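Report on the structure
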Amino acid sequence: MDHAAQHLPRMCPALRHALLVWASWRHDETHPPRFDEMQIVDVTTQELAVSVAEVIRQGDDPEPDDFRLIYVCPNLRKLALGKGEGARFSERKHSRPGSPTFESARASATIGKAQYFDASGENGVLGFRKLEGVSLPMFGDTDRVDYVMTVVCFER
């Protein structure tokens, strides 16, 4: 079993599968996979909502300022959150700075490692009892994280 998989928090099986698929894209355990080598189709299932965002930074600052969506899967479009391609995380209530989604993506982009988040709330989020996900970093043309794939599992 992959070393990363041994330290996974308890999560829905489809989300765990997505994390293991992402891990299989890596060339070694110390670097995330490259964006141009990934296969979104290997991650997408009925239980998951997948998006890919480009990291927005100021110059060479490793800390992201925001994220711009470049891919939104059909499952996420059905939620009608206005999260289409071109939208920024900061423009959306459920992914703005301070939210579990944003902070997980920020940490993932900064340190280059997958980050788990649980955005479930006492009263549910968006009508879902449970909402958990992972932010998965990907290198761009250079050896720095230029993209983050967010994979979310929803339970009613």
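Everything in this summary refers to the structure shown in the same document. (Residues numbered from 1 in each chain as written. Predicted model: local features only at pLDDT ≥ 70, side-chain atom pairs only at ≥ 80, totals over all residues. Heavy atoms only, no water.)

Here's the deal with helix H1 (residues 13–25)
Under the convention used in this document: By definition, any uninterrupted DSSP run of H or I lasting at least four residues is a helix, any uninterrupted run of E lasting at least two residues is a strand, and each is numbered from the N terminus. A helix's residues, less one, multiplied by 1.5 Å, set its expected span. Accessibility here uses a 1.4 Å probe with only protein chains present; expressed as a share of the type maximum, an area under 20% marks a residue as buried, one over 50% as exposed, and anything in between as partly exposed. A contact between two residues is defined here by any heavy atoms of the two lying within 4.5 Å.
End to end, H1 covers 19 Å across 13 residues, agreeing with the expected 18 Å (1.5 Å per residue, within 8%). Looking only at H1, the buried set comprises Ala14, Leu15, Ala18, Leu19, Val21, Trp22, Ala23 and Trp25. In this structure, the buried residues of H1 make contact with strand S1 (48–56), strand S3 (115–118), strand S4 (130–139) and strand S5 (145–155).

Remarks on the sheet that holds S5
In plain terms, the rule: Pairing between strands requires that DSSP locate at least two bridges from one strand to the other. Only the stretch in contact is used when fitting a helix axis, every axis being a line fitted to C-alpha atoms; angles between N-to-C directions are given from 0 to 180 degrees.
Taking strand neighbours across the sheet as the criterion, the 5 strands line up as S2-S1-S5-S4-S3 in an open arrangement whose pairing is antiparallel. Both edges of this open sheet fall to strand S2 (66–72) and S3, since each of them pairs with a single strand only. Across this sheet, the average inter-strand angle for adjacent strands is 25 degrees, counted without regard to direction. Across 6 bridges, the pairing between S1 and S2 is antiparallel. Bridge assignment links Glu54 to a residue of S2, and that residue is Arg68. Its contacts with the sheet put H1 on S1, S3, S4 and S5, and the angle it makes with S4 is roughly 5 degrees. This element, helix H3 (residues 100–111), spans S1, S2, S3, S4 and S5 of the sheet and lies at about 170 degrees to S3.

Section: the nonpolar core
The condition that has to hold: Among buried residues, those of type Ala, Val, Leu, Ile, Met, Phe, Trp, Tyr and Cys that are joined through side-chain atoms within 4.5 Å constitute a nonpolar core.
In this structure, Leu15, Val43, Leu48, Val50, Phe67, Met149 and Val151 are the most contacted members of the largest nonpolar core, which totals 44 residues. Sorting the residues of this core by element identifies H1, S1, S2, H3, S4 and S5 as the ones contributing at least two each. If we skip the residues at most four places from it in the chain, Val50 touches Ile40, Val43, Thr44, Tyr71, Val72, Cys73, Leu76, Met149, Thr150 and Val151.

As for the packing of aromatic side chains
The line we're drawing: Stacked, tilted and edge-to-face are the three classes assigned to paired rings of Phe, Tyr and Trp, where Trp is represented by its six-membered ring and a pair needs centres within 6.5 Å; plane angles under 30 degrees give stacked, over 60 edge-to-face, the rest tilted.
Using the criterion set out here, one finds 4 aromatic pairs in the structure. Measuring from centroid to centroid gives 4.1 Å for Phe35 and Tyr147, while their planes differ by 20 degrees, and the two rings are stacked. Of this pair, Phe35 sits in the loop between H1 and S1 while Tyr147 sits in strand S5, and the two are 112 residues apart along the sequence. On the basis of relative accessible area, Phe35 is assigned to the partly exposed category, the value being 27%. Seen from their ring centres, Phe67 and Phe102 are 5.3 Å apart, and the 75 degrees between their planes marks the pair as edge-to-face. You can see Phe67 sitting in strand S2 and its partner Phe102 sitting in helix H3, a full 35 residues away along the chain. In this pair, the class of Phe67 matches that of Phe102, namely buried.

Side note on the pattern of salt bridges
The cut-off we apply is this: The working definition used for a salt bridge is a side-chain nitrogen of Lys or Arg within 4 Å of a carboxyl oxygen of Asp or Glu.
If you walk through the whole model with that rule in mind, you get 7 salt bridges. Across the pair Asp146 and Arg57 runs a salt bridge, and its minimum N-O distance is 3.6 Å. One end of the pair, Asp146, is in strand S5; the other, Arg57, is in the loop between S1 and S2, with 89 residues separating them in the sequence. A salt bridge links Arg106 to Glu103; the nearest nitrogen and oxygen atoms lie 3.2 Å apart. Pair noted here: Arg106 and Glu103 are both in helix H3, with a separation of 3 residues, about one helical turn. Residue Glu103 is classed as partly exposed on the basis of its relative accessible area, which comes to 32%. Ionic contacts of the salt-bridge type, sharing partners, join the residues Arg57, Arg144 and Asp146 into one network.

With respect to the pairing of S1
The element S1 is extensively covered by neighbouring structure, given that 8 of its 9 residues are classed as buried. Where S1 and S5 come together, 7 bridges link them in antiparallel fashion. Note that in S5 the partner of Ala53 across the bridge is Val148.

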